[in-house]
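Fold and contact review
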Amino acid sequence: MATVLDSVRAFFAHATFTIDQENAGDVVARERLLDRVMGEARFRKSSEKIRRGRLPAEGLALVARDPDGHVIGTVRLWNVEAGVDSDGNAVSALLLGPLAVDCQHEGKGIGGALVRAAITEARDRGHGAVLLVGDPEYYERFGFFADKAQHLVMPGPFERRRFLALELQDGWLSGAAGMLVASGRRLAADLRKAA
């Protein structure tokens, strides 16, 4: 991870932000940022149902920080099973989201930098595919397309055109069909009660 983050930092050396691993001290700032940017509606999304009670995939919770170290952007990826393959075996994948950037820092490339860093880190960790629900007009530039997720469904309502996938390994989602389900590490019971 250090190599990826160092290269991202070098690329954005003249930028007004850095990308880093999320740490325990970022939790409150991240949640406040998500509340400001997405509001209460974020808790009703189908993707939130998958994330609820889970921890992000190992090493795949990233934040953008301003020069003073404040969290101004966030992205997290979550372990999921993307249906099953033609032999009935679960297809492991990642679910990206939520991606959010503080409104005062929009238009600076922070969201794009977070997505690129997350994709690079996921690929370096050997993951095969990333899925998300988002605007194709934004995510297609990173290689996410609806056709890769055409035989998969979310648990609950979702817009088909906004359900996108990126294969990190060619053919990873070939033949995958069915519903996305959470497969990652669970939050400890005492942490779930506090949340």
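Structural data are supplied above this passage.
Below is a short write-up of the structure. (Residues numbered from 1 in each chain as written. Predicted model: local features only at pLDDT ≥ 70, side-chain atom pairs only at ≥ 80, totals over all residues. Heavy atoms only, no water.)

Quick word on the overall build of the protein
Applied cut-off: Secondary structure elements follow DSSP: runs of H or I of four or more residues count as helices, runs of E of two or more count as strands, with numbering from the N terminus. Note on contacts: a residue pair qualifies if any of its non-hydrogen atoms lie within 4.5 Å across the two residues. Every accessible area reported is derived by Shrake-Rupley at a probe size of 1.4 Å, with residue values counting cover from the shown protein chains alone.
Scanning the protein from terminus to terminus reveals 6 helices and 9 strands. Look at the contacts in the protein between residues 6 or more apart in sequence, and 69% of them connect residues 24 or more apart. Accessible area of the protein: about 9900 Å², with a carbon and sulfur share of 51%.

Observations concerning the nonpolar core
Applied cut-off: Nonpolar cores are built from buried Ala, Val, Leu, Ile, Met, Phe, Trp, Tyr and Cys residues. Side-chain atoms within 4.5 Å join them into one set. Here the term buried applies to any residue with accessible area under 20% of the maximum for its type, exposed to any over 50%, and partly exposed to those in between, with areas from a 1.4 Å probe on protein chains only.
Counting 29 residues, the largest nonpolar core has I19, L77, L96, L114, Y139 and F144 as the members making the most contacts within it. Counting residues per element, this core draws most heavily on helix α4 (residues 110-124), at 8 residues. Excluding its chain neighbours within four sequence positions, the residues that come into contact with L114 are I19, L62, V63, A64, G73, T74, V75, L99 and A100. Of all hydrophobic cores here, the second largest spans 17 residues; its members include A93, L131, M154 and F163.

Some remarks on the pairing of strand β8 (residues 163-167)
Cut-off, in case you're wondering: Think of it this way: DSSP has to see at least two bridges between two strands before they count as a pair.
For β8, the tally of buried residues reaches 5 of 5 residues, placing the bulk of the element in the interior. Burial of the side chains of β8 extends over both faces: F163, A165 and E167 are buried on one face and L164 and L166 on the other. Across 5 bridges, strand β6 (residues 129-133) lies against β8 in antiparallel orientation. Each residue of the ladder has a partner; that of A129, found in β8, is E167.

Remarks on the pairing of strand β2 (residues 61-65)
Within a regular beta strand, the side chains point alternately toward one face of the sheet and then the other, so they alternate between its two faces. Counted residue by residue, β2 has 5 buried out of 5 residues, so it is predominantly covered. As paired elements, strand β1 (residues 18-21) and β2 share 4 bridges and run antiparallel to each other. Across the sheet, the residue bridging to I19 is A64, located in β2. One ladder, built from 5 bridges, connects β2 with strand β3 (residues 71-84); its direction is antiparallel. Bridging across to β3, V63 finds its partner in T74. Where β2 folds back on β3, the antiparallel hairpin that results is connected by 5 residues, among which G69 adopts a positive phi of roughly 90°.

Examining empty space enclosed by the protein
Over the atoms a probe the size of a water molecule is rolled, and this reveals where empty space is left. To keep things clear, this is the line we draw: Cavity and pocket criteria rest on a 1 Å grid covering protein atoms alone: a 1.4 Å probe that fits but cannot get out defines a cavity, protein on both sides within 12 Å along at least 5 of 7 lines defines an open pocket, and an atom within 4 Å of a point defines a lining residue. Grid points are joined across faces, edges and corners, and a volume is the space filled by probe spheres set on the points.
The final tally for this structure, using the stated rule, is 1 cavity of 30 Å³ or more. Of the volumes computed, that of the largest cavity is approximately 30 Å³. Lining the largest cavity, in full, are I50, R51, R54, L55, W78, N79, V80, A182 and G184. Contributing elements (two or more residues each) for the lining of the largest cavity: α3 (46-51) and β3.

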